[in-house]
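An overview of the molecular structure
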Amino acid sequence: MMQRMDIMVTALKGGVGKTTTAIHLAAAIHEEHPAMLVDMDTGNPGSLSWAAHGKLPFPVLDLAEGTKRYYTWEGHTLWDAPASPDRDRLVSAVTSADLVVVPTTSEALSLSSLRFFLDLLAQHHVNHRVLLTMVPPRPSRRGEQAREALERAGVPVFARSIRRSVAFQDSALVGGLVFEERNGMARWFDYQEIAKEILHG
């Protein structure tokens, strides 16, 4: 029997692809096992807005409905947590998760703010992994350099990064998934590989 997982997607700051990651990870995991996504942001519910078009193949619920359904749900649950600078509040929310996915861009400012949050997660023995998002295309080496810096610091990082693509913006506009957009299939493959890392190690 499948052991269900609680996977939280969270970040200290917005604009790092958090909701995009929550949507596409849920979709990729749902290809293998049932998954639902709970939008925890009551003020700016990004996942619910994305799902409002009715095109996603898995349920997306608000916090109240998701919490109610969680106790009878037999699949995996992903939690799209609101971006917040309140590190202590974030830590209290993630301590019950089986895995915390922390998206970040390769920009220096994102990486700098990330360090303090990761220290808190480690102190509380929270299982977490960083996902590099919006990685610029070659010849830029910014993504590789950010990965090397994180790995040197002992930070757990997903083997696959998410490369920047306008296809993500296009899919968000219509409430679909990135593979439905032009030049989006390679980006979808990235998320499929990340889902395999989560489910199979």
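In this text, all values refer to a predicted model and were calculated from it rather than measured experimentally.

Looking now at the overall build of the chain. The secondary structure content of the chain amounts to eight helices and six strands. When the elements of the chain are put in sequence order from the N terminus, they spell out β-α-β-α-β-α-β-α-β-α-β-α-α-α. Relative to the compact-globule value of 17 Å for 201 residues, the chain shows a C-alpha radius of gyration of 16 Å, a close match. Referenced to the eigenvectors of the C-alpha coordinate spread, the extents of the chain come out at roughly 40 × 40 × 35 Å.

Here we come to the nonpolar core. A general feature of soluble globular proteins is that nonpolar side chains tend to end up buried together. Of all hydrophobic cores here, the largest spans 33 residues; its most connected members are Leu37, Leu56, Phe58, Leu78, Val101, Ile194 and Ile198. With seven residues, the single largest contributor to this core is helix H1 (residues 18-30). Those residues in contact with Leu78, other than ones at most four positions away along the chain, are Ile7, Ala22, Leu25, Ala26, Ile29, Ala35, Met36, Leu37 and Val38. Counting residues in hydrophobic clusters, the runner-up holds 29 residues, among them Val102, Leu118, Val126 and Ala146.

Let's shift gears to the sheet that holds strand E5 (residues 99-104). Taken in spatial order, the six strands of this open sheet run E3-E2-E4-E1-E5-E6, and their pairing is parallel. If you trace the sheet from one side to the other, it starts and ends with strand E3 (60-62) and strand E6 (128-132), each paired once. Each strand axis lies, on average, 25° off the axis of its neighbour in the sheet, ignoring direction. Direction of pairing for strand E1 (residues 6-9) relative to strand E4 (residues 76-80): parallel, over a ladder of four bridges.

Among the residues of helix H7 (residues 166-174), those classed as buried are Ala167, Phe168 and Ser171. Take H7 and look down its axis: the buried residues cluster within an arc of 100°, on one side only. Across H7 from its buried face, at more than 90 degrees, point the exposed residues Gln169 and Leu173. Phi for Gly175, located one or two positions after H7, is positive at around 75°.

By the criterion of burial, E4 is predominantly enclosed, with five of the five residues buried. Of the two faces of E4, the one holding His76, Leu78 and Asp80 and the one holding Thr77 and Trp79 are both buried throughout. The sheet contact formed by strand E2 (residues 35-39) and E4 spans five bridges and is parallel. Each bridged residue has a counterpart across the sheet, and for Met36 the counterpart in E4 is Thr77.

Turning next to the side chain of Thr21. Position of Thr21 relative to the elements: it lies in helix H1. Thr21 sits in the buried class, given a relative accessible area of 0%. Of the polar contacts made by the side chain of Thr21, one reaches the side chain of Tyr191; its length is 2.8 Å. When sequence neighbours within four positions are dropped, the list of residues in contact with Thr21 reads Val9, Val101, Pro103, Leu131, Thr133 and Tyr191.

Bringing the packing of H1 against helix H8 (residues 185-200) into the picture now. Where H1 contacts H8, the axes come no closer than 9 Å and their chain directions differ by 70°. As far as their axial angle goes, H8 and H1 are roughly perpendicular. Crossing of H1 over H8 shows right-handed handedness. Mapping the contact onto sequence places Thr20, Thr21, His24, Leu25, Ala27, Ala28 and Ile29 in H1 and Trp188, Tyr191, Gln192, Ile194, Ala195, Ile198 and Leu199 in H8.

This paragraph deals with H8. Its 16 residues place the ends of H8 22 Å apart at the C-alpha level, agreeing with the 22 Å of an ideal helix rising 1.5 Å per residue. Remark: Gly201 follows H8 within two positions and exhibits a positive phi of approximately 80°.

Attention shifts here to the packing of aromatic side chains. In this structure the tally under the stated criterion is four aromatic pairs. Sitting over the ring of Tyr70, Arg4 keeps its end group 4.2 Å from the ring centre. In this structure, Arg129 is placed above the aromatic ring of Phe158, and the distance from its NZ or CZ to the ring centre is 4.8 Å.

About the cut-offs
- Residues numbered from 1 in each chain as written.
- Predicted model: local features only at pLDDT ≥ 70, side-chain atom pairs only at ≥ 80, totals over all residues.
- Heavy atoms only, no water.
- Helix = DSSP H or I, 4+ residues; strand = E, 2+ residues; numbered from the N terminus.
- Rg over C-alpha atoms; globule rule 2.2 N^0.38 Å.
- Core = buried A, V, L, I, M, F, W, Y, C linked by side-chain atoms within 4.5 Å.
- Buried < 20%, exposed > 50% of the residue type's maximum accessible area, 1.4 Å probe, protein only.
- Contact = heavy atoms within 4.5 Å.
- Pairing = 2+ DSSP bridges.
- Axes fitted to C-alpha atoms, helices over the stretch in contact; angles between N-to-C directions.
- Arc of directions from axis to C-beta.
- Polar contact = N/O pair within 3.5 Å; in protein donor to acceptor, adjacent residues only side chain to side chain.
- Parallel < 35°, antiparallel > 145°, perpendicular 65-115°, else oblique.
- Left-handed = near helix turned anticlockwise from the far one by under 90°.
- Expected span 1.5 Å × (residues − 1).
- Phe/Tyr/Trp six-rings, centres within 6.5 Å; stacked < 30°, edge-to-face > 60°.
- Lys NZ or Arg CZ within 6 Å of the ring centre and 35° of its normal.

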